[in-house]
Amino acid sequence: DVKVTQSSRYLVKRTGEKVFLECVQDMDHENMFWYRQDPGLGLRLIYFSYDVKMKEKGDIPEGYSVSREKKERFSLILESASTNQTSMYLCASIDVDRVSNQPQHFGDGTRLSIL
Amino acid sequence: AQSVTQLDSQVPVFEEAPVELRCNYSSSVSVYLFWYVQYPNQGLQLLLKYLSGSTLVKGINGFEAEFNKSQTSFHLRKPSVHISDTAEYFCAVSATSYGKLTFGQGTILTVHP
């Protein structure tokens, strides 16, 4: 069974801090994604990566960056955290060779609070 | 670009009653369609998916959905709900080879005894 692990379930940080959210998958998937989830807005794509060191912006990349140095790990970085980045963050991965008939596999999420 | 609209933000029902959660999408290309469920404090779990073929799709936990191309809809149904179905449900579409998903706003289903 595919396992997508997010390093923290809950995280509290202060405004202006640099914040790292880590995600690891154990199925050698090429594509990985970061979403944020807000009430009434569903999930919105921040960034995705289709290979090591490759990344593309999603719908709401402002204020975020990502890093993919190894295939299994995809990090989301908040360069200077702000209160409007308080949210639930979800990581997902997918096997690019089976995109057409395999769903994305999600981690359990990190609930981030910026004070 | 694709978009997804879930027509109800909250749906309260009594246990053993039928339920329908509505989803409409727009896209200029063919899409794959999904319903995900999120239980409290958990990630998303796939309920069912439509890729091609039969327009009636059956998923886990007794849920089913019907793809209607002319109405661009993919409504989720269950004939008799249980308390344990209380959760948030998300409709999503994918139209790219990267597997990117576009989600609806979510529908909170609350099943009352």
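Residues numbered from 1 in each chain as written. Chains lettered and ligands numbered in written order. Predicted model: local features only at pLDDT ≥ 70, side-chain atom pairs only at ≥ 80, totals over all residues. Heavy atoms only, no water.

What follows concerns the interface of chain B and chain A. Chain B puts 22 residues into the contact, and the matching count from chain A is 25 residues. Together, the buried faces of chain B and chain A total about 1,800 Å²; carbon and sulfur atoms form 56% of this surface. For the interface between chain B and chain A, the tally reads zero salt bridges. The interface formed by chain B and chain A holds five residue pairs in polar contact (both at pLDDT 80 or more) in total. For the side of chain B that touches chain A, the elements supplying multiple residues, two or more each, are strand 5 (32-38), strand 6 (45-50) and strand 10 (87-94) of chain B. A total of four residues in the side of chain B that touches chain A trace back to one element, the largest contributor, which is strand 5 of chain B. A class-by-class count of the residues in the side of chain B that touches chain A yields 10 nonpolar, nine polar and three charged. (Contact = heavy atoms within 4.5 Å. Buried area = accessible area lost by both parts, 1.4 Å probe. Salt bridge = Lys/Arg side-chain N within 4 Å of Asp/Glu carboxyl O. Polar contact = N/O pair within 3.5 Å; in protein donor to acceptor, adjacent residues only side chain to side chain. Helix = DSSP H or I, 4+ residues; strand = E, 2+ residues; numbered from the N terminus. Nonpolar A, V, L, I, M, F, W, Y, C, P; charged D, E, K, R; others polar.)

Core analysis: the largest hydrophobic core is formed by 28 residues, its most contacted members being Leu33(B), Trp35(B), Leu47(B), Leu48(B), Phe74(B), Leu76(B) and Tyr89(B). Here this core takes four residues from strand 10 of chain B, the largest share from any one element. Setting aside chain neighbours within four positions, we find Tyr89(B) in contact with Gln6(B), Leu21(B), Trp35(B), Tyr36(B), Val37(B), Leu47(B), Phe63(B), Leu76(B), Gly106(B), Thr107(B) and Leu109(B). Among the nonpolar cores identified, the runner-up in size contains 20 residues, and Val4(A), Met32(A), Tyr47(A) and Tyr89(A) belong to it. (Core = buried A, V, L, I, M, F, W, Y, C linked by side-chain atoms within 4.5 Å. Buried < 20%, exposed > 50% of the residue type's maximum accessible area, 1.4 Å probe, protein only.)

The subject of this paragraph is the confidence of the model for chain A. For chain A, the mean per-residue pLDDT works out to 91, and 92% of the residues sit at or above 70. For chain A, strand 10 (residues 105-106) of chain A is the element with the lowest average pLDDT, namely 89, and strand 8 (residues 73-78) of chain A is the one with the highest, namely 97. (pLDDT = per-residue confidence, 0-100.)

Looking now at the pattern of salt bridges. All names here are of chain A. What the rule picks out here adds up to 12 salt bridges over all chains. Among the ionic pairs, Lys-53 bridges to Glu-69, the shortest N-O distance being 2.4 Å. Here the residue Lys-53 occupies a position in the loop between strand 5 (42-51) and strand 6 (54-57), and Glu-69 occupies one in strand 7 (residues 64-70), the gap between them amounting to 16 residues. Taking relative accessible area as the criterion, Glu-69 reaches 52% and is therefore assigned exposed. Through salt bridges with shared partners, a single network forms among Asp-28, Glu-30 and Lys-71.

Once that is clear, we can look at the packing of aromatic side chains. Across all of its chains, the model carries 14 aromatic pairs over all chains by this definition. Here the aromatic rings of Tyr35(A) and Phe106(A) are separated by 5.9 Å at their centres, their planes lie at 40 degrees, and the arrangement is tilted. One end of the pair, Tyr35(A), is in strand 4 (residues 31-38); the other, Phe106(A), is in strand 10, and 71 residues separate them in sequence. The exposure class of Tyr35(A) is buried, given its relative accessible area of 0%. The exposure class of Phe106(A) is buried, given its relative accessible area of 10%. Aromatic side chains Phe34(B) and Tyr36(B) sit 6.3 Å apart centroid to centroid with 35 degrees between the ring planes, which places their arrangement in the tilted category. Residues Phe34(B) and Tyr36(B) agree in their burial class; the two are buried. Taken together, Phe33(A), Tyr35(A), Phe48(A), Tyr50(A), Phe106(A), Phe34(B), Tyr36(B), Phe90(B) and Phe103(B) form an aromatic cluster joined through their ring pairs. (Phe/Tyr/Trp six-rings, centres within 6.5 Å; stacked < 30°, edge-to-face > 60°.)

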